[in-house]
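Here's the letter readout for the chains.
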Number of protein chains: 2
Amino acid sequence: MRLRLQDFFFDEENGEVIIEAEKPGIVIGKNGVTLREIMKAVGWSPKAVRTAPLKSKTIENVREFLINVKDERKEILKRIGERIHRGTIYEDRWVRVTFLGGSREVGRSCYLLQTPESKVLIDCGVNVGNVHQSPYFYVPEIQPLDSIDAVVITHAHLDHCGLLPILFKYGYRGPVYLTPPTRDLMVLLQLDFIEVAAREGNPTPYESQHVREALKHTIPLDYGVVTDITPDIRLTFYNAGHILGSAIAHFHVGEGLYNIAFTGDFKFEKTRLFDRAFTNFPRIEGLIMEATYGGAEDFQPSRKEAEEKLIEVIKRTIERGGKVLIPTFAVGRSQEVMIVLEEAIRNEVLEPVPVYLDGMIYEATAIHTAYPEYLNSHLRDLIFHQGINPFISESFVRVDSPGKRQEVIESSEPSVILATSGMLNGGPVMEYFKAFAPDERNTIVFVGYQAEGTLGRRIQKGWKEVPLPSSGGKRDVVTINMEVETVDGFSGHSDRKQLLNYVRALKQKPEKVITIHGDENKCIELASAIYKTYRVETRAPLNLETVRFL
Amino acid sequence: MRLRLQDFFFDEENGEVIIEAEKPGIVIGKNGVTLREIMKAVGWSPKAVRTAPLKSKTIENVREFLINVKDERKEILKRIGERIHRGTIYEDRWVRVTFLGGSREVGRSCYLLQTPESKVLIDCGVNVGNVHQSPYFYVPEIQPLDSIDAVVITHAHLDHCGLLPILFKYGYRGPVYLTPPTRDLMVLLQLDFIEVAAREGNPTPYESQHVREALKHTIPLDYGVVTDITPDIRLTFYNAGHILGSAIAHFHVGEGLYNIAFTGDFKFEKTRLFDRAFTNFPRIEGLIMEATYGGAEDFQPSRKEAEEKLIEVIKRTIERGGKVLIPTFAVGRSQEVMIVLEEAIRNEVLEPVPVYLDGMIYEATAIHTAYPEYLNSHLRDLIFHQGINPFISESFVRVDSPGKRQEVIESSEPSVILATSGMLNGGPVMEYFKAFAPDERNTIVFVGYQAEGTLGRRIQKGWKEVPLPSSGGKRDVVTINMEVETVDGFSGHSDRKQLLNYVRALKQKPEKVITIHGDENKCIELASAIYKTYRVETRAPLNLETVRFL
Ligand SMILES: [Zn+2]
Ligand SMILES: [Zn+2]
Ligand SMILES: [Zn+2]
Ligand SMILES: [Zn+2]
Ligand SMILES: [Zn+2]
């Protein structure tokens, strides 16, 4: 029997050979016959996994790195295991959370969950608006850094994991719990973060070696897997519906003593990519939730309205022979828009038009294809049972060189281009923008939030001329004649109504709800609305404050 | 010229000879002539201080000890000085307080004031109701203990300073700031605390050597003296009107950055002993205030009513040939009652009757006489200008031996007895109680709060028979026929109205008011009343929480 096996991996820790194959069924064989034959021949227990249809360089590198450091990892895991099972000391019973970043602000999310026995850090993010402002690492609660028992990363966005490597730079050597997709996306985004900084001549807060050090200490956990992470805390991840692998981190403290969940960023609505955020916790007394759109006026259009508007804009642009430029972040929004376009083309709502993917979007999409089990039930059904993987539709064309980019720009055919960055503050999107802006047949469509001070925001506001740094160091002035559209409703965050509904949908009504990850007034307004609606204690703490739960 | 000088002390640190004299004016001489002569003769600059009219063993011991360790103290002060002037490091500007004990409870007061540069611990008390419950010393905010820059003690009651020596037992070696009377009263009460524990066969949390170690690190500050205590914090004490030397600790952070005051226990009413608490802070943005009587119903009778009732009760007891037993704490309430009785006798409102002082009351009174400048203006006027010192009235008779006590008990003459402890849970008061209770001509008068579970409380409730441990280990049952009276209004704490008035009386309206040192509902009700009355942000935090001020 000859199989086209993509790759073999020997996992000594688990005594397994991992065999990647496009069709794992063939490796397994009828009733597992083939697997057993392989085991007899090589003396190892083989495990077949599906080859991702798009090849991700990140996943390849991560896997290779982890294999190279497997002896060291074995030592690390042993040490972590000993620490987890060190036994408890204190008679006191309390649970508290210190807010080290990301409170009454969006950015640098970082929270310390503490009991007499344990210190668990949840997220460790960059302040995207001000890269020089990190979480409050220097406060005594987490000093020395190695007094932290465990770090938990809710998802791969940089405002949640962008400064994780700094912990390793300054001496943390404990575990990092996250989902497998979060691990891969995180590495991709962290490396990009320091590359971009270096390219722009900015000091980087850490080096790639610290990204690798962090990676070495990761412990991936799938949704629903219950794990002891300290002598008195058990962690379980649940789907947050925000981006691939995004998790709500649920902590069970003591034996039935207290249960507290950090939502991270979450979407309480089924999207094109994900099921809506999990609510069915067996117990939950404390809830720490995001409030990005927690303001009294923060209602968004439905997904359906958003999609219809997007298709409409694309249609009319194509009809007049123009090109559609959609600036997006690489992770999440891009894939969401891809699925909408693929379905519209497949169902002939939209004529077949090339959709170009530039920047990290292709790589991020490849990672999505490696984790189909993290997608929503509809996509899983399409992929596993109907053999349709929307991500590998031939409508999508990767732009992976300056030459190819130039070709796309100069082509006279209508097309759609998805390119990073999402707010036009750098990245390949800038090239397209410069070329397309003067032609009134073209359209730029914003599908994500444009922060104050970004070029994206200025264009949204209706500026007709914008200065841009040109290659020669001088400034070009770009005249904007293209159509400018904004399509709200694609957000990966819950809007005001979804946030409130989420609290209502929880199986157990929490005793205390804390609002974070939102501007000051959003956090306060959401806390106040939850208090008024459900009569549970709420708080919108400040950074550096500590709130007690038990 | 021959002077009867009481004592000489050479203070090498300041290059001074301290000369104690009953009449310092004689030592000083006309225009300071005598002082200059002494200086010529001995080569030292002499400083005359008043000999206290009552001799305090505590003060004598404290002074002697400090002289013995003066070389070591010189080293300590040098080290402290270097640390204070170490310079600042951080660009961040924030101020926060962590509540380590005494929040939503009375007892184990302990608060950490923190800036990026500094850690200052305010108070370090015993939980009087449960001696095994200390403040949360083990949390990372104050670990290791020597990361604390300074400890500030607001007053000498054990719920504020009773566990200070534990800090030294476990490695703290920094300064302890307090007023001079607080220093002396504190040593008296701490030594008594461990003596009583040892006598009752209970484990003591520390030994007398740790009391001495703490004493060695004290830095006494008078009211109104501004002192650098860390690179970015200046401390000033102000009169709190609660007990001798009790202080409101005012902290000036940064150069004009933020001002925050801890009231400690305070009385916002002029009493027999003290002026009312200070309000005239140049600036105050944050206020942390006690809430012992912060409940919606916590109004107390006026001082005048209380005094009239007390005199009335004593009069009628004496008229029927009985004895009046007043259980009191040694510090504060005793001296308050003494002043009332002395004035009543001096003004012939009450016939001259012996007032016996048993327990630590005499010693505590002696310490009061050493610090006349800490008493209110009326007493200072009496003592300095009219030559009347009520504390040394011949009506007061010290009981300093079991024989003397027996004599007082067996005497057929009417008398008043002030004896410790204040809640009848031990101390010499028990002997008097056993002897007096069966005789209906006698009266017991409660002038202080009787905690639930104490014998005092049971008697107040009207129990007619109470079991008492007898000397032989068996239990005597004591029948109570004596009159039982309670006189409210002598409290050293502000009542509800005074608490609210205090906030109003502040020169600058604070931005944030925190209520502590009260039962849960008192703290919450006071916080709510202050918010509603003055529209300033208020909070009643839990132990282990951290509140940010700037
Ligand atoms: Zn996110
Ligand atoms: Zn986020
Ligand atoms: Zn007190
Ligand atoms: Zn107190
Ligand atoms: Zn100074």
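Everything quoted here is computed from the prediction, not taken from an experiment.

*Asks:* Tell me about the overall build of chain A, and name the residues and values.
*Replies:* If you tally the helices and strands in chain A, you get 17 helices and 25 strands. Taking 550 residues into account, the globule formula puts the C-alpha radius of gyration at 24 Å, and chain A, at 24 Å, falls close to it. Projected onto the principal axes, the alpha-carbon positions of chain A cover approximately 75 × 65 × 45 Å. A separation of at least 24 residues holds for 73% of the contacts in chain A among residues at least 6 apart in sequence. Carbon and sulfur atoms make up 49% of the accessible area of chain A, which amounts to about 22,700 Å² in all.

*Asks:* Describe the coordination of the zinc ion (ligand 1), listing the residues and the values that go with them.
*Replies:* Residues and elements named next belong to chain A. In this structure, His155 (NE2), His157 (ND1), His242 (NE2) and Asp265 (OD) serve as the protein donors to the zinc ion (ligand 1), at separations of 2.2 Å. Taken together, the 4 donor atoms coordinating the zinc ion (ligand 1) span angles of 89 to 165 degrees at the metal, a pattern that classifies the geometry as irregular. The exposure class of histidine 242 is buried, given its relative accessible area of 6%.

*Asks:* Which residues make up the packing of aromatic side chains, and what are the values?
*Replies:* Tallied over the entire structure, the rule returns 34 aromatic pairs over all chains. Measuring from ring centre to ring centre gives 5.8 Å for phenylalanine 99 of chain B and tyrosine 111 of chain B, while their planes differ by 70 degrees; the resulting arrangement is edge-to-face. In this pair, phenylalanine 99 of chain B is assigned in strand 4 (residues 96-101) and tyrosine 111 of chain B in strand 5 (residues 110-114), connecting sequence segments 12 residues apart. Phenylalanine 99 of chain B gets classed as buried once you look at its relative accessible area, which sits at 0%. Residue class for tyrosine 111 of chain B comes out buried when judged on its relative accessible area of 2%. Each member of the aromatic cluster is reached from another via a ring pair, and the members are Tyr90 and Trp94 of chain A together with Tyr136 and Tyr138 of chain B. Above the ring of phenylalanine 549 of chain B, the side-chain terminus of lysine 512 of chain B is found at 5.7 Å from the ring centroid.

*Asks:* So what's going on with the coordination of the zinc ion (ligand 2)? Residues and values would help.
*Replies:* Residues and elements named next belong to chain A. Coordination of the zinc ion (ligand 2) by the protein is provided by Asp159 (OD), His160 (NE2), Asp265 (OD) and His517 (NE2), with metal-donor distances spanning 2.1 to 2.2 Å. Relative to the metal, the 4 donor atoms surrounding the zinc ion (ligand 2) lie at angles of 89 to 161 degrees, and the coordination shape comes out irregular. Read from N- to C-terminus, the donor residues coordinating the zinc ion (ligand 2) fall into the pattern D-H-x104-D-x251-H. For histidine 160, a relative accessible area of 1% corresponds to the buried category.

*Asks:* Break down the pairing of strand 14 (residues 286-290) of chain B for me, with residues and values.
*Replies:* Residues and elements named next belong to chain B. Taking burial as the measure, the 5 residues of strand 14 include 5 buried ones, the bulk of the element. Side chains Gly286, Ile288 and Glu290 of strand 14 all project onto a buried face; the interleaved residues Leu287 and Met289 project onto the opposite face, where all are buried too. Across 3 bridges, strand 13 (residues 258-262) lies against strand 14 in parallel orientation. Bridge pairing in strand 14 links alanine 261 to leucine 287.

*Asks:* With reference to specific residues and values, describe the interface of chain A and chain B.
*Replies:* The interface of chain A with chain B comprises 22 residues on the first partner and 21 residues on the second. Taken over both partners, the interface formed by chain A and chain B buries close to 1,900 Å², and the fraction arising from carbon and sulfur atoms is 50%. Inspection of the chain A/chain B interface yields 4 salt bridges. Here arginine 96 of chain B ties to glutamate 141 of chain A by a salt bridge, and the two come within 2.8 Å at their closest N and O atoms. The interface formed by chain A and chain B includes 13 residue pairs in polar contact (both at pLDDT 80 or more). Contributions of two or more residues to the side of chain A that touches chain B are made by strand 4 (96-101) and strand 25 (546-548) of chain A.

*Asks:* So, the relation of the copies chain A and chain B: which residues are in play, and what are the values?
*Replies:* Of the two same-sequence chains, chain A is brought onto chain B (RMSD 0.1 Å, axial shift 0.0 Å) by a rotation of 180 degrees. Here the symmetry operator amounts to a two-fold rotation axis. It is threonine 546 of chain A whose C-alpha, among those of chain A, lies nearest the rotation axis, at 2.2 Å. Interface residue correspondence from chain A to chain B reaches 95%, placing this contact among same-surface, isologous pairings.

*Asks:* Break down the UniProt feature "binding site: Zn(2+) 1" (unreviewed entry) in chain A for me, with residues and values.
*Replies:* Residue and element names in this part refer to chain A. Sequence positions flagged by UniProt for "binding site: Zn(2+) 1" (unreviewed entry) are, in local numbering, His155, His157, His242 and Asp265. These residues run over 111 residues, yet every pair of their C-alpha atoms falls within 10.1 Å of each other. For histidine 242, the position within the fold is in the loop between strand 11 (233-239) and strand 12 (247-253). Those residues within four positions of histidine 242 in sequence are excluded, and the remaining contacts are His155, His157, Asp265, Phe266, Lys267, Phe274, Gly492 and His493. Of the polar contacts made by the side chain of histidine 242, one reaches the side chain of histidine 155; its length is 3.3 Å. Relative to the helices and strands, aspartate 265 resides in the loop between strand 13 (258-262) and strand 14 (286-290). Contact partners of aspartate 265, with chain neighbours within four places excluded, come to His155, His157, Asp159, His160, Ala240, His242, Glu290, His493 and His517.

*Asks:* Tell me about the pattern of salt bridges, and name the residues and values.
*Replies:* All names here are of chain A. This structure, assessed with the given rule, holds 60 salt bridges over all chains. One salt bridge connects glutamate 105 with arginine 108, and the closest N-O pair in it is separated by 2.8 Å. The exposure classification of glutamate 105 matches that of arginine 108, with both residues buried. One salt-bridge network, held together by shared partners, links Lys309, Arg316, Arg320, Glu483 and Glu485.

Thresholds, definitions, all that
- Residues numbered from 1 in each chain as written.
- Chains lettered and ligands numbered in written order.
- Predicted model: local features only at pLDDT ≥ 70, side-chain atom pairs only at ≥ 80, totals over all residues.
- Heavy atoms only, no water.
- Helix = DSSP H or I, 4+ residues; strand = E, 2+ residues; numbered from the N terminus.
- Rg over C-alpha atoms; globule rule 2.2 N^0.38 Å.
- Contact = heavy atoms within 4.5 Å.
- Areas by Shrake-Rupley, 256 points an atom, 1.4 Å probe, with all protein chains shown as cover.
- Donors = N, O, S within 2.8 Å, 3.2 Å for Na, K, Ca; no water.
- Tetrahedral: all angles 85-135°; square planar, octahedral: opposite > 155°, others 65-115°.
- Buried < 20%, exposed > 50% of the residue type's maximum accessible area, 1.4 Å probe, protein only.
- Phe/Tyr/Trp six-rings, centres within 6.5 Å; stacked < 30°, edge-to-face > 60°.
- Lys NZ or Arg CZ within 6 Å of the ring centre and 35° of its normal.
- Pairing = 2+ DSSP bridges.
- Buried area = accessible area lost by both parts, 1.4 Å probe.
- Salt bridge = Lys/Arg side-chain N within 4 Å of Asp/Glu carboxyl O.
- Polar contact = N/O pair within 3.5 Å; in protein donor to acceptor, adjacent residues only side chain to side chain.
- Least-squares fit on C-alpha atoms with pLDDT ≥ 70 in both.
- UniProt positions renumbered as here; feature names shortened; annotations may be inferred.

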